[in-house]
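Below, each chain spelled out in residue letters.
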Amino acid sequence: MISRIASFHNYQSVANDMTRQQVKVAHNQEQLASGKQLLTAGDDPVASIYVQNFSQQNTEIDQSLRSITLARNRLNSEEVAISDAETLLDDAKRKAMSMVNGSLSDDDRIAHMQDLRGLFDSFMHLVNTQDESGNFVFAGNQYDKQPFFRDGNGTVSYVGDSYQRMSKVSSNVEVPVNDPGDKLFMEIDNPYGDYQPDYALQSGSLLLLSHARNDNHSDNASYTIDFTQTGTGAVYDLYQDGLLVDSQPFDPKRGIEWGTLSVQLEGEVTDGDQITLKPQEKFNLFDSFKRGIEVSAFAPSDASATAELHQVAEEFSQAFKHINRARSEVGTRLQTLDRQEDMHQDFKVVINKARGTMEDLDYGKAVIELNENMLALQASQQAFAKAKDLTLFNYI
């Protein structure tokens, strides 16, 4: 049996072959133009999945890097504000200590009081500082609201919250980007221990509290110590919430010990001196400023006011240490951000290198393939031209 192939079928076969070669050449040209060997998932389905995963990881890394940049900006703003706060507190401590000098005149102390009031004003402006985005640095999560307000009596209130904002800088690492103002400025460890002293000293007295501790943390009583000078030395009477509980000769080396209470004093005792100890484990820095300004109005000869200024200076010193620790923590967070950024950048290099081995074009191989497909296309075009003109009339 003799089979016959129609002229149209022959023509269509040659045309299809030429079209396939044109598609191959166009694909090669697209590869050379883009520099990529994977243009569609059909080029290599397995490699395309890996490339897609690499792209997703790159996107996640870029998001983390943006978070790191934002977190670094916020922490830098806080670090600058804390550094300025340290400077102000150091100046305030020095100013309080200078007012302790008994040789100052009343006018001199008033002048120092005005300086301390100016430092308080500057400090109020500082604690309400804002970052580059207009967010209040020390407001906790209430960063869109001013955190600190001062009334006409000089009392400062905090309207922020006690929470820290967290920034996710990698899949399993979060970094705090702020410190709430109440924790930073209003909850500072009492430099005297567990009690805050109130002084009622006689003129010329140099008595000061060194520390007062109570191992019984459930004891919320106030204690008052009255001193009397006798022919054999000083004697103290210890009152617990107004009730006399102990009376002993005062030994400066031993201090005062009663039950779980331990009190150490320094300086010289004057007949009639009195110190009241009120339970207080934390102190408010704004109250220290306020009290420092108030007692500055008293004459330098007022022993109780001078002792209060000693106390204020100690609180400023303790606050400086407290804020300095916070600054160190900010520095640690910035170091964490730097390490995470370096890790992300290194991982990004690894990902892009692995992606390049699958996606990037081998130009030498691609040019050879293009030339081969061009030659094949030319052959197909020549075959198509002959097939197109092929007819029986040419042979009649």
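Residues numbered from 1 in each chain as written. Predicted model: local features only at pLDDT ≥ 70, side-chain atom pairs only at ≥ 80, totals over all residues. Heavy atoms only, no water.

As annotated in an unreviewed UniProt entry, the protein chain carries the name Flagellar hook protein FlgL and is attributed to Photobacterium galatheae. As its UniProt record puts it under Sequence similarities (unreviewed entry), the protein chain is described as follows: "Belongs to the bacterial flagellin family." (UniProt positions renumbered as here; feature names shortened; annotations may be inferred.)

Here we come to the overall build of the protein chain. Scanning the protein chain for helices and strands turns up seven helices and 14 strands. Buried residues in the protein chain amount to 40% of all 396 residues. Carbon and sulfur atoms provide 50% of the accessible area of the protein chain, an area that totals close to 21700 Å². (Helix = DSSP H or I, 4+ residues; strand = E, 2+ residues; numbered from the N terminus. Buried < 20%, exposed > 50% of the residue type's maximum accessible area, 1.4 Å probe, protein only. Areas by Shrake-Rupley, 256 points an atom, 1.4 Å probe, with all protein chains shown as cover.)

Another aspect to go through is unusual backbone geometry. In this model, aspartate 241 sits at a positive phi of 50°, which is unusual for a non-glycine residue. With respect to the helices and strands, aspartate 241 occurs in the loop between strand S9 (233–240) and strand S10 (243–249). Given a relative accessible area of 56%, aspartate 241 falls into the exposed group.

As enumerated under the stated definition, the model contains 13 aromatic pairs in all. Centre to centre, the rings of phenylalanine 123 and phenylalanine 289 are 5.3 Å apart; their planes meet at 35°, and the pair counts as tilted. Residue phenylalanine 123 is located in helix H3 (residues 106–127), and its partner phenylalanine 289 is located in helix H5 (residues 285–295); the two are separated by 166 residues in the primary sequence. One exposure class covers both phenylalanine 123 and phenylalanine 289, and it is buried. Seen in terms of ring centroids, phenylalanine 185 and phenylalanine 286 are 6.3 Å apart; in terms of plane orientation they differ by 65°. Their pairing is edge-to-face. On the criterion of sequence distance, the pair formed by phenylalanine 185 in helix H4 (residues 181–186) and phenylalanine 286 in helix H5 is long-range, its members being 101 residues apart. Given the relative accessible area of 0%, phenylalanine 286 is considered buried. When the ring centre of phenylalanine 120 is taken as reference, the NZ or CZ atom of arginine 150 above it lies at 4.7 Å. (Phe/Tyr/Trp six-rings, centres within 6.5 Å; stacked < 30°, edge-to-face > 60°. Lys NZ or Arg CZ within 6 Å of the ring centre and 35° of its normal.)

The next thing to look at is the environment of glycine 292. When you line up the elements, glycine 292 lands in helix H5. C-alpha separation for the pair glycine 292 and glutamate 308, spaced 16 residues apart in sequence, amounts to 7.6 Å. With sequence-adjacent residues up to four places away left out, glycine 292 is seen in contact with Leu116, Leu309 and Val312. (Contact = heavy atoms within 4.5 Å.)

Below, the discussion takes up the sheet that holds strand S8 (residues 223–230). Taken in spatial order, the five strands make up an open sheet running S6-S13-S8-S9-S10, and their pairing is antiparallel. The two strands at the open ends of the sheet, each matched to only one other strand, are strand S6 (195–200) and S10. Looking at each pair of strands side by side, their axes are set apart by 20° on average, direction ignored. Sheet analysis places S8 next to S9, joined by eight bridges and oriented antiparallel. Paired with phenylalanine 227 across the two strands is tyrosine 236, which belongs to S9. (Pairing = 2+ DSSP bridges. Axes fitted to C-alpha atoms, helices over the stretch in contact; angles between N-to-C directions.)

Ranked by size, the top nonpolar core spans 49 residues in total, and within it Phe123, Phe148, Phe185, Leu285, Phe286, Phe289 and Phe316 carry the most contacts. Elements with a contribution of two residues or more to this core: helix H2 (45–99), H3, strand S2 (156–158), H4, H5 and helix H6 (303–359). Listed in part, the 25 residues of the second largest apolar core include Leu201, Ala234, Val263 and Val269. (Core = buried A, V, L, I, M, F, W, Y, C linked by side-chain atoms within 4.5 Å.)

A word on the pairing of strand S13 (residues 274–279). Of the strand pairs in this sheet, S6 and S13 are connected by six bridges, and their pairing is antiparallel. Residue pairing for S13: glutamine 196 is matched across the bridge by lysine 278.

As a further point, take the sheet that holds strand S7 (residues 208–214). Taken in spatial order, the three strands line up as S7-S12-S11 in an open sheet, and their pairing is antiparallel. A single partner strand is all that each edge strand has here, and the edge strands are S7 and strand S11 (256–258). Averaged over all pairs of adjacent strands, the angle between their axes in this sheet comes to 10°, without regard to strand direction. As paired elements, S11 and strand S12 (residues 261–266) share three bridges and run antiparallel to each other. Residue pairing in the sheet places glutamate 257 in a bridge with serine 262 of S12.

Right, let's get into H5. Each turn of an α-helix holds 3.6 residues, which means side chains three or four residues apart point in the same direction. Of all 11 residues in H5, eight are buried; the element is thus mostly enclosed. Buried within H5 we find Leu285, Phe286, Ser288, Phe289, Arg291, Gly292, Ile293 and Val295.

For the pair H3 and H5, interaxial distance at closest approach is 9 Å and the crossing angle is 160°. Put simply, H3 runs roughly antiparallel to H5. Crossing of H3 against H5: the hand is left-handed. Between H3, through Arg109, Met113, Leu116, Arg117, Leu119, Phe120, Phe123, Met124 and Val127, and H5, the contact on the second element is made entirely by Leu285, Phe286, Phe289, Lys290, Gly292, Ile293 and Val295. Class assignment for the residues of the contact of H3 with H5 results in 12 nonpolar, one polar and three charged. (Parallel < 35°, antiparallel > 145°, perpendicular 65-115°, else oblique. Left-handed = near helix turned anticlockwise from the far one by under 90°. Nonpolar A, V, L, I, M, F, W, Y, C, P; charged D, E, K, R; others polar.)

Looking at the secondary structure, you find serine 218 in the loop between S7 and S8. In terms of polar contacts, serine 218 uses its side chain to reach the side chain of asparagine 216, at 2.7 Å. (Polar contact = N/O pair within 3.5 Å; in protein donor to acceptor, adjacent residues only side chain to side chain.)

Moving on: the pairing of S8. Hairpin connection from S8 to S9: two residues lie between these consecutive antiparallel strands. Direction of pairing for S8 relative to S13: antiparallel, over a ladder of four bridges. Counterpart to aspartate 226 in the pairing with S13 is glutamine 274.

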